Amino acid sequence: MGKHIILIGFMGCGKSSIGIRLSYRLRMTVLDTDKLIERQSQMTVSEIFDRLGEEEFRSMETACLERLLQEPEARIIAVGGGLPLRERNRELLRQLGTIVYLRVTPATVCQRLSGDVTRPLLQGANPEEKVRRLMEERSGIYERAADLVIDVDGKDMDEIRDELMEKLYKAGRWR
């Protein structure tokens, strides 16, 4: 089992926010794969999608995970919502550490992301229907990939962090 704590889930579920709160509590560095890719490519995720396409972005995600396997320090890793869709990425995530799925409902995602124009997959007509469809496609993949599942609806970020830490301890995944 790897040493990292990996946060997966649909966009808007709170991976980055929970990662930051968890990092303060556990005194671990938090990394966001989207931010790493943006820094390395010197483009935003939206620009990568526009200029190079989704498939190239997904390849960048895989390369990012492969680099993280070489990192000696245990970290909290928040990954993009689409990253676990590739089987290769799920294999790499398993090697990296404990995978925590932050499960959220479509209604909460739509509420949190209303007006967010930075998410390439939400652009175009009827973003709410797109969220529901994508979540139906992805939820089973997230659940099968996860070691632990946390339902995030109706909870504040500190409650989610505390529940996550409790589940990590109980599962023997953290000391």
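Here is what the cut-offs are and how they apply
Residues numbered from 1 in each chain as written. Predicted model: local features only at pLDDT ≥ 70, side-chain atom pairs only at ≥ 80, totals over all residues. Heavy atoms only, no water. Helix = DSSP H or I, 4+ residues; strand = E, 2+ residues; numbered from the N terminus. Expected span 1.5 Å × (residues − 1). Bend = angle between axes of the 7 residues up to and from the residue. Buried < 20%, exposed > 50% of the residue type's maximum accessible area, 1.4 Å probe, protein only. Contact = heavy atoms within 4.5 Å. Arc of directions from axis to C-beta. Axes fitted to C-alpha atoms, helices over the stretch in contact; angles between N-to-C directions. Parallel < 35°, antiparallel > 145°, perpendicular 65-115°, else oblique. Left-handed = near helix turned anticlockwise from the far one by under 90°.

Chemist: Is there a simple way to explain helix H7 (residues 127-145) in this structure?
Modeler: For an α-helix, the turn length of 3.6 residues means that residues three or four places apart are oriented alike. The first and last C-alpha atoms of H7 sit 26 Å apart over 19 residues, in line with the 27 Å expected at 1.5 Å per residue. Along its length, H7 reaches its greatest deviation from straightness, about 35°, at Arg138. When we look at burial in H7, the residues that qualify are Val131, Leu134, Met135, Arg138, Ile141, Tyr142 and Ala145. If you follow the buried residues of H7, they end up packed against strand S1 (4-8), helix H4 (54-68), helix H5 (87-96), strand S4 (97-103) and helix H6 (106-113).

Chemist: Quick question: what am I supposed to make of helix H3 (residues 45-52) here?
Modeler: Inspection of H3 places Val45, Ile48 and Phe49 among the buried residues, and these make up the whole buried set. For H3, the angular spread of buried residues about the axis comes to 100°, placing them on one side. Seen from the open side of H3, the exposed residues pointing more than 90 degrees away from its buried face are Asp50 and Arg51. Taken from the residues just after H3, Gly53 is the one with a positive phi, measuring 95°.

Chemist: What is the right way to look at the packing of H6 against H7 in this model?
Modeler: A pair of packed helices is captured by two measures, namely the crossing angle of their axes and the spacing between those axes. In contact at an axis separation of 9 Å, H6 and H7 are set at 135° when each is read in the N-to-C sense. Relative to H7, H6 is oriented oblique. Between H6 and H7 lies a crossing of right-handed hand. Contacts from Pro106, Ala107, Val109 and Cys110 in H6 reach Glu128, Val131, Arg132 and Met135 in H7.

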